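Reading the structure
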Amino acid sequence: MRKNFWKNIPLNDLSSEEWELLCDGCGKCCLNKFSKTKKCAPIYTSVACKFLDINKCSCKVYSEREKKRKDCLILSPKNINKIVNLLPTSCSYRLIYEKKPLPSWHHLNLPKNKNVHNTKNSVKNFAISEEYVDSSDIVNFIFEKF
Ligand code: SF4
Ligand code: SF4
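First, a word on scope: everything that follows refers to the structure included in this document. (Residues numbered from 1 in each chain as written. Chains lettered and ligands numbered in written order. Predicted model: local features only at pLDDT ≥ 70, side-chain atom pairs only at ≥ 80, totals over all residues.)

**Focus: the overall build of the chain**
Counting secondary structure elements, the chain contains 5 helices and 5 strands. Ordered by position from N to C terminus, the α and β elements of the chain give α-α-β-β-β-β-α-α-α-β. Its C-alpha radius of gyration of 15 Å places the chain within 12% of the 15 Å reference for a compact globule of 146 residues. C-alpha atoms of the chain, sized along the principal axes, occupy 45 × 35 × 30 Å. Every one of the 146 residues in the chain was classed for burial, and the buried ones make up 21%. The long-range share in the chain, meaning contacts at least 24 apart out of those at least 6 apart in sequence, stands at 57%. (Helix = DSSP H or I, 4+ residues; strand = E, 2+ residues; numbered from the N terminus. Rg over C-alpha atoms; globule rule 2.2 N^0.38 Å. Buried ≥ 20, exposed ≤ 12 C-beta atoms within 10 Å, placed from the backbone. Contact = placed C-beta atoms within 7 Å.)

Listed below in structure tokens is the structure:
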């Protein structure tokens, strides 16, 4: 991992380790959302994909998520220009793509005692798994736009 890679190196040139480290682990991209078109900013709900471990905000099927979940946003340096609007505005990949700094609470910026969860920047404290929500009821879980 190169020093301050997120500040100096374009997304396209990151190693896979650096790319993965950019993710803040917020889990916001794993919430169910509505979008009129692929280019429209989506409206989020607080209902999470059934594969999200809400306590850790991590994917339980990460290596096979493409197979397990057809609408999973598989982000890469190659497609970020096409799907950036679907990402929450706080998403680290979106911030870097838009040439903005990572937030002060991001794990790459901060000591270990503060992180995405205890600064309340993850979905840990409010998301509910789709396993417990009837699909016809999901509109009642519409959440503010990130
Ligand atoms: S499959 Fe994993 S990465 Fe994809 S939306 Fe579900 S929890 Fe998130
Ligand atoms: S929204 Fe972005 S930073 Fe947050 S978990 Fe998803 S990919 Fe990672």
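**Description of unusual backbone geometry**
Its identity as a non-glycine residue notwithstanding, Asn-4 has a phi of 50 degrees, on the positive side. For Asn-4, the location among the structural elements is in the segment before α1 (5-8). Not every positive phi belongs to a glycine, and Lys-99 is a case in point at roughly 60 degrees. Following the sequence through the fold, Lys-99 ends up in the loop between α5 (92-97) and β5 (128-129).

**Re the pairing of strand β2 (residues 43-48)**
Each regular strand displays side chains that alternate between the two surfaces of the sheet. Where strand β1 (residues 31-34) meets β2, 3 bridges bridge the pair, whose relative direction is antiparallel. Paired with Lys-33 across the bridge in β2 is Tyr-44. Bridge count between β2 and β5: 2 bridges; the pairing is parallel. Considered in β5, the bridge of Val-47 is made with Ile-128. (Pairing = 2+ DSSP bridges.)

**Considering the site of ligand 2**
Not every one of the 13 residues close to ligand 2 is listed here, only the nearest: Cys-23, Asp-24, Cys-26, Cys-29 and Cys-91. Grouping the constituent residues of the shell around ligand 2 by class yields 8 nonpolar, 3 polar and 2 charged. (Near = placed C-beta within 6 Å. Nonpolar A, V, L, I, M, F, W, Y, C, P; charged D, E, K, R; others polar.)

**Some thoughts on the sheet that holds β1**
Taken in spatial order, the 3 strands of this open sheet run β1-β2-β5, and their pairing is mixed. Each having just a single partner strand, β1 and β5 make up the two edges of the open sheet.

**Quick notes on the nonpolar core**
Counting 19 residues, the largest nonpolar core has Cys-30, Leu-31, Ala-48, Leu-52, Cys-91, Tyr-93 and Val-123 as its most contacted members. Secondary structure elements with two or more residues in this core: β2 and α5. Counting residues per element, this core draws most heavily on β2, which supplies 3 residues. Each residue touching Leu-31, except ones within four places of it in the same chain, is listed here: Tyr-44, Thr-45, Ser-46, Val-47, Ala-48, Val-123 and Ala-127. (Core = buried A, V, L, I, M, F, W, Y, C linked by C-beta atoms within 7 Å.)

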